[in-house]
Amino acid sequence: MADSHASHATGKSVRFKVLRQDGPEGSPYWEEFEVAYKPNMNVISMLMEIEANPCTCDGHATTPIAYDAACLEEVCGSCTMRINGRVRQACSALIDDLEQPITLEPMSKFPTRRDLAVDRSEMFETLQRVRAWVPIDGTHDLGPGPKISEKVRERAYHFSRCMTCGCCLEACPQFSDRSAFIGAAAIGQVFLFNSHPVGSELADDRMDVLSGPGGLAECGNAQNCVKVCPKEIPLTDAIAHLGRKTTLHAIKRFLER
């Protein structure tokens, strides 16, 4: 792709095709933009250039493109969008590595608020459902907590890197308006907090969610989640591990009746 871009870079401009939408109820439409090329630019910096001069390729004045961004270093996950058909973060998408014309589209699995900005509330509501936190008894000093072995810490670290960006859900064929599937992101967080010596106090509550409607049984094992995760989180490992745990949990609940 870099070689393909080099041929375009000689014209000292970058062409964008952006799928826009004026609001949640609006109809999507395409607009094309051309921005002066500068070395080492990313998609966010190009969107900033368009914001400074919101004018399409045919000279039509338009509005700045709406998008979400915060950290600009692939940590917050807010700038996730589809770039040339691939879901990823705009801040780490370097222009030199992209084939032109560069197409920008909002994620399709979440409601569009405007242009490239989507509403990811469903992800955070799901984290509430699985109680993705470590419970504490007040905010006073509780002293040193229980020790965590290096093996558990190292394994948990990978899952703690999740930034709720939504890439795994965008790529998942099971996560859609036709399914109640909870998604790989939440499953990974169940694995993380069930591994914590204090967080595991809520393990049964989390396993109740994964064992219920839309839970882990809805996973189709497409494994797209691990392919698109920007943090390379071993989500399928968590799915496999918790798959066994849900079976044991279901037996436990049955015997408790």
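What you see is a predicted model, and the numbers here were worked out from it, not measured in a lab.

## Focus: unusual backbone geometry
When glycine is set aside, most residues are seen to have a negative phi, and most peptide bonds are trans.
Okay, step 1: Omega for the peptide link from Gln-100 to Pro-101 comes to -5 degrees, which places this bond in the cis form.
Okay, step 2: Turning to its location among the elements, Pro-101 is positioned in the loop between strand 4 (86–89) and strand 5 (102–105).
Okay, step 3: Its identity as a non-glycine residue notwithstanding, Asn-84 has a phi of 50 degrees, on the positive side.
Okay, step 4: Mapped onto the fold, Asn-84 is located in the loop between strand 3 (80–83) and strand 4.
Okay, step 5: Among the residues examined, Asn-84 registers a relative accessible area of 28% and is labelled partly exposed.
Okay, step 6: Look at Thr-164: it is not a glycine, yet its phi comes out positive at around 50 degrees.
Okay, step 7: With respect to the helices, strands and loops of the structure, Thr-164 is situated in the loop between helix 4 (150–160) and helix 5 (167–171).

## Quick look at the pattern of salt bridges
Two side chains carrying opposite charge are able to pair once their charged atoms lie near each other.
Okay, step 1: In this structure the tally under the stated criterion is 15 salt bridges.
Okay, step 2: Note that Arg-20 is salt-bridged to Glu-31, the shortest N-O span being 2.9 Å. Here the residue Arg-20 occupies a position in strand 1 (residues 13–20), and Glu-31 occupies one in strand 2 (residues 29–36), the gap between them amounting to 11 residues. For the residue pair Arg-20 and Glu-31, the accessibility class agrees, reading buried in each case.
Okay, step 3: Close ionic contact of Asp-208 with Arg-253 constitutes a salt bridge, the shortest N to O distance being 2.9 Å. With Asp-208 in helix 7 (residues 203–211) and Arg-253 in helix 9 (residues 235–255), this pair connects stretches of sequence that are 45 residues apart.
Okay, step 4: Each member of the salt-bridge network shares a partner with another, and the members are Arg-20, Glu-31, Arg-114 and Asp-115.

The rules we used
Residues numbered from 1 in each chain as written. Predicted model: local features only at pLDDT ≥ 70, side-chain atom pairs only at ≥ 80, totals over all residues. Heavy atoms only, no water. Helix = DSSP H or I, 4+ residues; strand = E, 2+ residues; numbered from the N terminus. Buried < 20%, exposed > 50% of the residue type's maximum accessible area, 1.4 Å probe, protein only. Salt bridge = Lys/Arg side-chain N within 4 Å of Asp/Glu carboxyl O.

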